[in-house]
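Structural overview
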Amino acid sequence: MIYLRQIPHQARNMNHIVIIGNGISGVTLARHIRKNSDQEITIVSAETDYFFSRTALMYVYMGHMKFEHTQPYEPWFWKKNSINLKKGYVEKVDTQKKELKFAGGDSMHYDKLVIATGSKPNKFGWPGQDLDGVMGMYHKQDLENLEKHAPNNKVCKRAVIVGGGLIGIELAEMMHSRNIPVTFLVRESSFWNGVLPSGESEMINKHIKENHIDLRLSTNLKEIKANENGHVKSVVIEETGEEILCDVVGLTAGVSPNINFLKDSEIETNRGVLVNRFLETSAKDVYAIGDCAEQREAIGNRRPIEAVWYTGRMMGETLAQTLCGNKMEYKPGHWFNSAKFFDIEYQTYGWVFSERNKKDSEVHFHWKHKSDHKCITVAYDKDSNKFLGINTFGIRMRHEIFDKWLTEERDVNYVMEYLADANFDPEFYTLHEKEIISQFNEVNGTNIQSRKKSWKRIFTKA
Ligand SMILES: Cc1cc2nc3c(=O)[nH]c(=O)nc-3n(C[C@H](O)[C@H](O)[C@H](O)COP(=O)(O)OP(=O)(O)OC[C@H]3O[C@@H](n4cnc5c(N)ncnc54)[C@H](O)[C@@H]3O)c2cc1C
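The notes below deal with the structure included here. The residue count restarts for each chain, going from 1 along the sequence in the order it is written. Selection of residues for local features in this predicted model requires a pLDDT of at least 70, selection of side-chain atom pairs for listing and counting requires 80 or more, and totals for whole chains, interfaces and linings are taken over all residues. To obtain the side-chain values, all non-hydrogen atoms of the structure were included, while hydrogens and water were left out.

1. A short note on the packing of aromatic side chains
The condition is simple: Note on aromatic pairs: the rings of Phe, Tyr and Trp (six-membered ring only in Trp) are paired at centre separations within 6.5 Å, and the planes decide the class, stacked below 30 degrees, edge-to-face beyond 60, tilted for the rest. The helix count covers DSSP runs of H or I at least four residues long, the strand count covers runs of E at least two residues long, and both are numbered beginning at the N terminus. Only protein chains enter the accessibility calculation, which uses a 1.4 Å probe. A residue is then buried if its area is under 20% of the maximum for its type, exposed if over 50%, and partly exposed in between. Note on geometry: a ring has a charge over it if NZ (lysine) or CZ (arginine) is within 6 Å of the ring centre and within 35 degrees of the ring normal.
According to the stated counting rule, one finds 24 aromatic pairs in the structure shown. Centre to centre, the rings of Tyr-310 and Trp-335 are 6.1 Å apart; their planes meet at 45 degrees, and the pair counts as tilted. With a gap of 25 residues between them, Tyr-310 in helix α7 (residues 309-323) and Trp-335 in the loop between α7 and β21 (336-341) connect regions that are remote in the sequence. Here Tyr-310 matches Trp-335 in class, with each residue buried. Among the aromatic residues, those joined into a ring-pair cluster are Phe-184, Phe-191, Trp-192, Phe-341, Tyr-346 and Phe-393. Taking the ring centre of Phe-102 as reference, the NZ or CZ of Lys-86 above it sits at 4.4 Å. Its end group placed over the ring of Tyr-61, Arg-178 keeps NZ or CZ at 3.7 Å from the ring centre.

2. Thoughts on the pairing of strand β5 (residues 99-102)
Our working definition: Two strands pair if DSSP finds at least two bridges between them.
With four bridges joining them, strand β4 (residues 90-94) and β5 adopt antiparallel strand pairing. In the strand pairing of β5, Lys-92 is matched with Lys-101. Counting the residues in the hairpin turn of β4 and β5 gives four residues, including Lys-98, whose phi is positive at 55 degrees. Where β5 lies against strand β6 (residues 107-109), three bridges are found, and the strand directions are antiparallel. Paired with Leu-100 across the strands is Met-108, a residue of β6. Taking the residues between adjacent antiparallel strands as the criterion, β5 and β6 are bridged by four residues, where Gly-105 takes a positive phi near 105 degrees.

3. Here's the deal with the site of the ligand
Counted only if it meets this: Nearness here has a simple test: a residue counts as near a molecule or strand if at least one of its heavy atoms is within 4 Å of that partner. Computed with the Shrake-Rupley method and a 1.4 Å probe, the accessible areas treat only the protein chains shown as cover for residues. Amino acids outside the nonpolar list (Ala, Val, Leu, Ile, Met, Phe, Trp, Tyr, Cys, Pro) and the charged list (Asp, Glu, Lys, Arg) are all regarded as polar, and Gly is one of them.
Surrounding the ligand, one finds 31 residues, the nearest of these being Ser-25, Glu-47, Tyr-138, Asp-291 and Trp-309. Contact with the protein chains hides 92% of the accessible area of the ligand, taken as 990 Å² for the molecule alone. The set of elements that each furnish at least two residues to the shell around the ligand consists of α1 (24-36) and α5 (166-177). Across the shell around the ligand, the residue classes tally to 13 nonpolar, 14 polar and four charged.

4. Brief notes about helix α4 (residues 140-149)
Just so we agree on the cut-off: The arc in question is the one traced by the directions running from the helix axis out to the C-beta atoms.
Considered for burial, the residues of α4 that qualify are Asp-142, Leu-143, Leu-146 and His-149. Seen from one end, α4 has its buried residues packed into an arc of 140 degrees, which puts them on one side.

5. Quick word on the nonpolar core
So the rule is basically this: Definition used in this section: a nonpolar core is a set of buried Ala, Val, Leu, Ile, Met, Phe, Trp, Tyr and Cys residues joined via side-chain atoms within 4.5 Å. Note on contacts: a residue pair is in contact if any heavy atoms of the two residues lie within 4.5 Å.
Trp-78, Val-93 and Ile-115 are the most contacted members of the largest nonpolar core, which totals 49 residues. A per-element tally of this core places α1 first, with five residues. If sequence neighbours within four positions are ignored, Ile-115 has contacts with Ile-20, Phe-261, Leu-262, Ile-267, Val-273, Val-286, Tyr-287, Ala-288, Ile-289 and Cys-292.

6. Section: the sheet that holds strand β14 (residues 232-237)
Working definition: the strands of a sheet are paired by backbone hydrogen bonds and lie parallel or antiparallel to each other. Which entries qualify depends on this criterion: Lines fitted to the C-alpha atoms define the axes, with helices restricted to the stretch that makes contact. Angles between their N-to-C directions range from 0 to 180 degrees.
If you trace the three strands from one edge of the open sheet to the other, you get β13-β14-β15, paired in antiparallel fashion. The open sheet has two free edges, formed respectively by β13 (221-226) and β15 (243-245), since each of these has just one partner strand. Averaged over all pairs of adjacent strands, the angle between their axes in this sheet comes to 25 degrees, without regard to strand direction. Sheet topology note: the β14/β15 ladder contains three bridges and is antiparallel. The residue of β15 that forms the bridge with Val-235 is Ile-244.

Pasting the structure below:
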């Protein structure tokens, strides 16, 4: 425990709000409750003393920053804002007594409880998945494990990464930054092709290989073998029986809600903790936010569980309003996201589905630069021409512009005509504008002329 105010909350005649999880969702919630009220707040975490930015973990390993730099708030911030911090693992939640039981044997009363326990890496029961040298890439402890088992290419002569999503490719880049040879096992026939349209997915396949990663598509892990000390020594491939010698195995086949500790509680769960639009669970005075929350009813095209940073932050902001007396529904707005695949930045606004998941009415306009490092895919409705979304690779676009166009339900011709307004890189558009518009006109039989960028339009709200 770092510190905890000594006065019992009962004596202070106010709500004790306990938040399990000091990630972005829990911490945003605590900050916003504090902005609006003086209720007692305690944040519990088993992972670290202080909140840190999980998305920046890779840069610590890559030497771009120290771990302390991933902590947005100084240690004094919590005391100054009267936010109690408790380090401990919650083993049980008793919703009748409104009590938490900790692994150390102690307990804590709550008036309102918020579950913000995030995710954990998936393990699919592979033989050897718990060996020394096998790790996920989620928690700070994973980073420490990585430093221990893969400090350099002398100790780790090869790493095998299992699972081709956003965290898998980050881990590949991390290892690559220390010149550790990487074999990357991807079950799908092309990288992340359940999410990305094929043109984009194929471009990323090539880029991964350009970075000297041994990318194995349509390849599954069969088992992980140990040496005589119980440390990983190799993996065996399901399809071919090939054995690949390695010193580290990174398991990055997705994440799932970190909610095992709730299994004996009365809180209703599915894959995650089930919540309604107000982020309320089935138990009175218990809420869930962030990666571990699962919406009972779909919100538009959104998945019931969204393991992304900004939705955790939004849920925290929303629930703070409710807990401070201003009951508020969670409304995430238009979908967006961004990531990086080695050197190629990726942004998505609205919905661009992969061929595997798209409806017949969703049409794609795809433009790719000859360098094979930049492309865009614009999705629109075949019948109405309504703009549905855009993916961009190697080109930065303005979030607020696409958000406005999606709200205004613009058609694709309008989006193409004014695309210069959305472009963040001033040089980009002048370089590629002609090519993109002429390809679009050719494919669609239109005669769109591109408009010059207008700051007035950019700063006019929808
Ligand atoms: C390597 C990596 C890169 C990522 N990059 C991006 C990105 O670029 N963009 C993006 O949008 N998202 C990214 N994400 C996802 C993003 O980080 C998560 O969506 C977000 O951090 C989830 O926040 P959270 O508050 O829900 O939970 P978490 O950050 O997981 O925090 C939950 C905390 O609760 C603790 N906890 C769990 N159970 C208990 C218990 N029983 N008792 C006590 N404490 C407990 C956990 O240890 C953890 O500290 C990335 C994730 C990883 C791992």
